[in-house]
Amino acid sequence: MQSWELDRLRVAAHQPQILRSDDHANRVIALLLPQGEALQEHQVHEHALVFLTRGQLLVSAGASERTLSAPSLIYFDPGERHEVRAINECQLVLCLAPWPGTGHPSIRTGGLRVGDQVRRW
């Protein structure tokens, strides 16, 4: 068993920490977003769960926009374009699953299923 006390993680700005990474399963990343900084509009190949453990965050996806305060949980579909901007210093824990997702550049071929061979570039 592994566990993390999310409210006690100490992550430096611009230095994300990979807490766990398992092929065919998930990747968990903790990061600190300084006040006013953003993860500009982007998308990922995986289902994305974002746990806001500290701070206030402006989240936009398509025509939707919300301000969220910790503790909050945000979900994005694979391929959903979104942006997050720190209203004040924010600590986030990002969970991507399955890792790596279909179409991820680290995979030479299409989708993955449990038991598939993983091909790396």
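You'll find the structure just up there.
Since we're looking at a predicted model, the values are computed, not measured.

A.B. asks: Describe a nonpolar patch on the surface, and please don't skip the residues or the numbers.
C.D. replies: A surface patch of nonpolar side chains, amounting to about 270 Å² of accessible area, comprises L49, L73 and Y75. Mapped onto the elements of the fold, Y75 is located in strand β7 (residues 72–76). On the basis of relative accessibility, which here comes to 39%, the residue Y75 falls in the partly exposed class.

A.B. asks: Describe the sheet that holds strand β3 (residues 38–42), listing the residues and the values that go with them.
C.D. replies: Ordered in space as β3-β8-β5-β6, the four strands form an open sheet in which the pairing is antiparallel. The outermost strands of the open sheet, each flanked by one partner alone, are β3 and β6 (64–69). Here the average twist between neighbouring strands, direction ignored, is 15 degrees. Taken together, the six bridges between strand β5 (residues 56–61) and β6 define a ladder with antiparallel strand orientation. Looking at β6, one finds that L57 is bridged to L68.

Conventions used here
Residues numbered from 1 in each chain as written. Predicted model: local features only at pLDDT ≥ 70, side-chain atom pairs only at ≥ 80, totals over all residues. Heavy atoms only, no water. Patch = residues over 30% accessible without salt bridge, like charges linked within 9 Å, V, L, I, M, F, W, Y side chains within 5 Å. Areas by Shrake-Rupley, 256 points an atom, 1.4 Å probe, with all protein chains shown as cover. Salt bridge = Lys/Arg side-chain N within 4 Å of Asp/Glu carboxyl O. Helix = DSSP H or I, 4+ residues; strand = E, 2+ residues; numbered from the N terminus. Buried < 20%, exposed > 50% of the residue type's maximum accessible area, 1.4 Å probe, protein only. Pairing = 2+ DSSP bridges. Axes fitted to C-alpha atoms, helices over the stretch in contact; angles between N-to-C directions.

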